[in-house]
Every structure is written in structure tokens, then in C-alpha cells.
Amino acid sequence: MPKTPLRAFASLLLAAGIARAAAPPPTPTPDHHDGQPNEVFRLQALRGGVYALYGRGGNVGFFVGPDAVVVVDSEFKDIAPGIIGQIRTVSDRPIKYLVNTHHHGDHTGGNEAFRSFAVIIAQDNVRKRMLASPQVILRDYPRELEEAKKAGKADDVQFLEDAIAWAKKVKVDEIAAPMVTFDSELRIHVGDETIEVWHTPPAHTDGDAVVYFTRANVVHMGDLFFHDAVPFIDVSSGGSVMGYATALDKVIARIPADVIVIPGHGQVTDLNGLKAARQFIGEILGAAEAAKKAGRTKQEFLSSVELPAYKSYDAYKDRFQGAAAAAYDEVP
Ligand SMILES: [Zn+2]
């Protein structure tokens, strides 16, 4: 099977903690650029003690309670101390919990900075995938390294070489994987806030969780939501386009109309913003299904499929074909 850029990207993301070069296809926020950690961040107070923190990886969310701070996602290793610094600008309460929405390195790479004082929580598959990442790198990256060398992609070569070196020397207990894992749901109680963590059907990966702050009425979607961007669906980590639609339907059915929505990437929005992302998934699945019904091959479908209404979406060029291919593979 021909290797796609997405395939390479999927595996690049496995290397939690050394993921700087593997930052996902940019989902630019006004602050999305390399720079000194404190220039990277933008903090936004939302409601009920919940904040969104934009940085260089997946968006961070956090809740400040009377006796504890709860954080969602940790971006990258190099800027994680800056995340803690940003939290410290609004609270000196202890950071007791860190929830990972899934295993990708732009959401878990900073775990190490939290592990000595916070309980790190995620769905069972997140821990499994993080602990397995050295073996996956040693299995898959040497081949990708050869291809990157042939294609003259210097950045990829450097990243892959670093990742392989890391995978050879890392010990499993050095990987800052979640130490508390759950199967389907978990609740964290802090003051009068109840933070619900819901595992969804496989969507972006097979370990996705959505974090809902019930009293504040704010939801952190992890990478179940790329706002105004084509989503990345990591099929190699158990993700699914049809699952993505089902997962979004389930979440949308559970959250109130006036919810504030923190996407994994892109700007904070509302329920309508989230529904637009669901609409996109529905259209790509619809296009794939129509093509299959008309007897068109995958190649024929991919060479002509377009969703013009979404061309202004971030990463349309980089990710649309991958999402379309996955949709074609899945639809009946
Ligand atoms: Zn992700």
C-alpha cells in the first residue's frame, strides 16, 4: 500500500516527549508559532473556573477548584513547564490531576513535567499505546527513515533518527503514561464541580476521551474536534471516520445547547461550531458512500472528490485526502 503523508504523520506522533519536530499539521491560532515558551501561550478564562490555554500542541484546558487544579492535556515536553507557569498566573492551588484526551505526543508530551505531583488519568488504550511506542517506532520507523532519505526530507530524517535513538534507549518506566486508567467513564470531584471523562467509540484514535465540566458547562473535546479544520483520523491507532460521526453524535446528545466547547485544535467555540465539524464528517462519509454505490474505485473517488464548502478549512490540503480515503474504506 502506498505510504501517504498521513500515515507517516500518524506514526510520527507516537513519540511522546520527543515530538517537537512532529508537531501536527499546523492548526494555526494567532499564537501558533515557535518561540520562547511564554510567547507561545494565550490564556482564556471561560466560565466556572475553567480556562483554555492555547500553546503549540493540542489545546490545554484546566479547572481551578477550591483545593485542586485539574488539567486536560499537556502539549509537548519542552513547553510543559510553561503550561504550569501559566496555571500559576491564576492559581497556586496544587495541580492534582492531569487528564489525557488521547495518546498523541502533542497532548501527552508534557506529562513528565506533571508526573511527580499529579495523578495522570486516561482511557486504558492511551496507556497501552504510550508504553508500546518504543516497539512501534523500532518496527515502523527504520522503513520510513529510508523513504524520507530517498525523498530528501531533511526534517523528517532528523526526527525519525531522533525517535529511533530515543526508542532504543528509553526504559518503559521512563514513559510518563497515565497511572490511573478507565474503561468507559470516570468522574473527578473537586469542590462542587464534577468533571466527567467519557470514552467515546473509536474516532480520532481508540483511546479518545472527552472531558465535561458539568457545573461550569464547558467541554474539552480533545481531537474529536478540530475547529474549522479537516480532522486527522489516526486509523493506524484504531481511529475511524464512521466512529468519529458516532462519537460526535453521542457527545452532542449529552451536552446542553449553551455549552462552551474547547476543541483539541483551533479556537474555543459553541455547540454550533461542534455541529459544523459533525456536518463535515457526514458529508465526507456521504461522498464516499455515493462513490461506492456508483461503482467507482477508491482511486477514481480520491482523484476527484472535493468538498468545496470546506476548502477554507485548515489542513484541507494536507488531510482531506487521508480522511476521504479512510471514509471510502469504511462505508458500506
Ligand atoms: Zn491527536
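Keep in mind that what you see is a predicted model, and the values were worked out from it rather than measured.

Cut-off values and rules
Residues numbered from 1 in each chain as written. Predicted model: local features only at pLDDT ≥ 70, side-chain atom pairs only at ≥ 80, totals over all residues. Heavy atoms only, no water. Helix = DSSP H or I, 4+ residues; strand = E, 2+ residues; numbered from the N terminus. Buried < 20%, exposed > 50% of the residue type's maximum accessible area, 1.4 Å probe, protein only. Contact = heavy atoms within 4.5 Å. Areas by Shrake-Rupley, 256 points an atom, 1.4 Å probe, with all protein chains shown as cover. Pairing = 2+ DSSP bridges. Axes fitted to C-alpha atoms, helices over the stretch in contact; angles between N-to-C directions. Parallel < 35°, antiparallel > 145°, perpendicular 65-115°, else oblique. Left-handed = near helix turned anticlockwise from the far one by under 90°. Polar contact = N/O pair within 3.5 Å; in protein donor to acceptor, adjacent residues only side chain to side chain. pLDDT = per-residue confidence, 0-100. Phe/Tyr/Trp six-rings, centres within 6.5 Å; stacked < 30°, edge-to-face > 60°. Lys NZ or Arg CZ within 6 Å of the ring centre and 35° of its normal. Donors = N, O, S within 2.8 Å, 3.2 Å for Na, K, Ca; no water.

Overview of the overall build of the protein
Regarding its fold elements, the protein presents ten helices and 13 strands. Looking at the protein residue by residue over its 332 residues, the buried ones come to 56%. Considering only contacts in the protein between residues 6 or more positions apart, those separated by 24 or more positions represent 66%. Roughly 13600 Å² of accessible area belongs to the protein as shown, and the carbon and sulfur atoms make up 52% of that amount.

Description of the pairing of strand E6 (residues 119–123)
A large share of E6 lies buried, amounting to four of its five residues. Where strand E5 (residues 95–99) lies against E6, three bridges are found, and the strand directions are parallel. Its bridge partner being in E6, Tyr 97 is matched across the sheet by Val 119. Bridge count between E6 and strand E7 (residues 180–182): three bridges; the pairing is parallel. Across the sheet, Ala 122 pairs through a bridge with Thr 181, a residue of E7.

Describing the packing of helix H5 (residues 124–150) against helix H6 (residues 154–169)
In contact at an axis separation of 9 Å, H5 and H6 are set at 150° when each is read in the N-to-C sense. With respect to each other, H5 and H6 are oriented roughly antiparallel. Considering the relative orientation of H5 and H6, their crossing is left-handed. Residues Ser 133, Pro 134, Ile 137, Leu 138, Tyr 141, Pro 142, Glu 144, Leu 145, Ala 148 and Lys 149 of H5 form the contact with H6, whose participating residues are Asp 156, Val 157, Phe 159, Leu 160, Glu 161, Ala 163, Ile 164, Trp 166, Ala 167 and Lys 168.

Some thoughts on the environment of His 103
Looking at the secondary structure, you find His 103 in the loop between E5 and helix H4 (105–108). A polar side-chain atom of His 103 sits 3.5 Å from a polar atom in the side chain of Ser 237.

With respect to unusual backbone geometry
What is expected of a backbone is that most residues other than glycine have negative phi and most peptide bonds are trans. Although it is not a glycine, Asp 73 sits at a positive phi angle of roughly 70°. The backbone phi angle of Glu 75 is positive, close to 50°, even though this residue is not glycine. Glu 75 gets classed as buried once you look at its relative accessible area, which sits at 0%.

Structural notes on the confidence of the model for the protein
Within the protein, residue pLDDT values average 90, and 89% of them lie at 70 or more. Low confidence marks residues 1–35, where pLDDT is under 50. Its contacts with residues over four positions away, or in another chain, come to 90 contacts.

A closer look at the sheet that holds E7
Strands sit in the order E1-E2-E3-E4-E5-E6-E7 across an open sheet of seven strands; the sheet is mixed. Of all strands in the sheet, those bounded by a partner on one side alone are strand E1 (42–47) and E7. Geometrically, the sheet is characterised by an average inter-axis angle of 20° between neighbouring strands, direction not taken into account. Where E1 lies against strand E2 (residues 50–54), five bridges are found, and the strand directions are antiparallel. Along E2, the bridge assignment pairs Ala 45 with Tyr 51. The strands that helix H3 (residues 80–88) touches are E1, E2, strand E3 (60–64), strand E4 (69–72) and E5; relative to E5, the one it contacts most, it runs at about 125°. Packing against the sheet, H5 makes contact with E6 and E7, and its axis sits at approximately 105° to E6.

Thoughts on the packing of aromatic side chains
Summed over all chains, the structure comprises eleven aromatic pairs. Among the aromatic side chains, those forming a connected cluster through ring pairs are Phe 280, Tyr 310, Tyr 313, Tyr 316 and Phe 320. For the cation-ring pair, Arg 254 lies above Trp 198, with the distance from its terminal atom to the ring centre recorded as 3.9 Å. Directly above the aromatic system of Tyr 328 lies the positively charged group of Lys 292, at a separation of 5.0 Å from the ring centroid.

Points about the coordination of the zinc ion
Between any two of four tetrahedral donors, the ideal angle at the metal is 109.5 degrees; between two of six octahedral donors, it is 90 or 180 degrees. At 2.1 to 2.2 Å from the zinc ion lie its protein donor atoms, namely His 102 (NE2), His 104 (ND1), His 204 (NE2) and Asp 223 (OD). Spacing between the donor residues of the zinc ion along their common chain follows H-x1-H-x99-H-x18-D. Of this pair, His 102 sits in the loop between E5 and H4 while His 204 sits in the loop between strand E9 (193–199) and strand E10 (209–213), and the two are 102 residues apart along the sequence. His 204 matches His 102 in its accessibility class, with the two residues each being buried.

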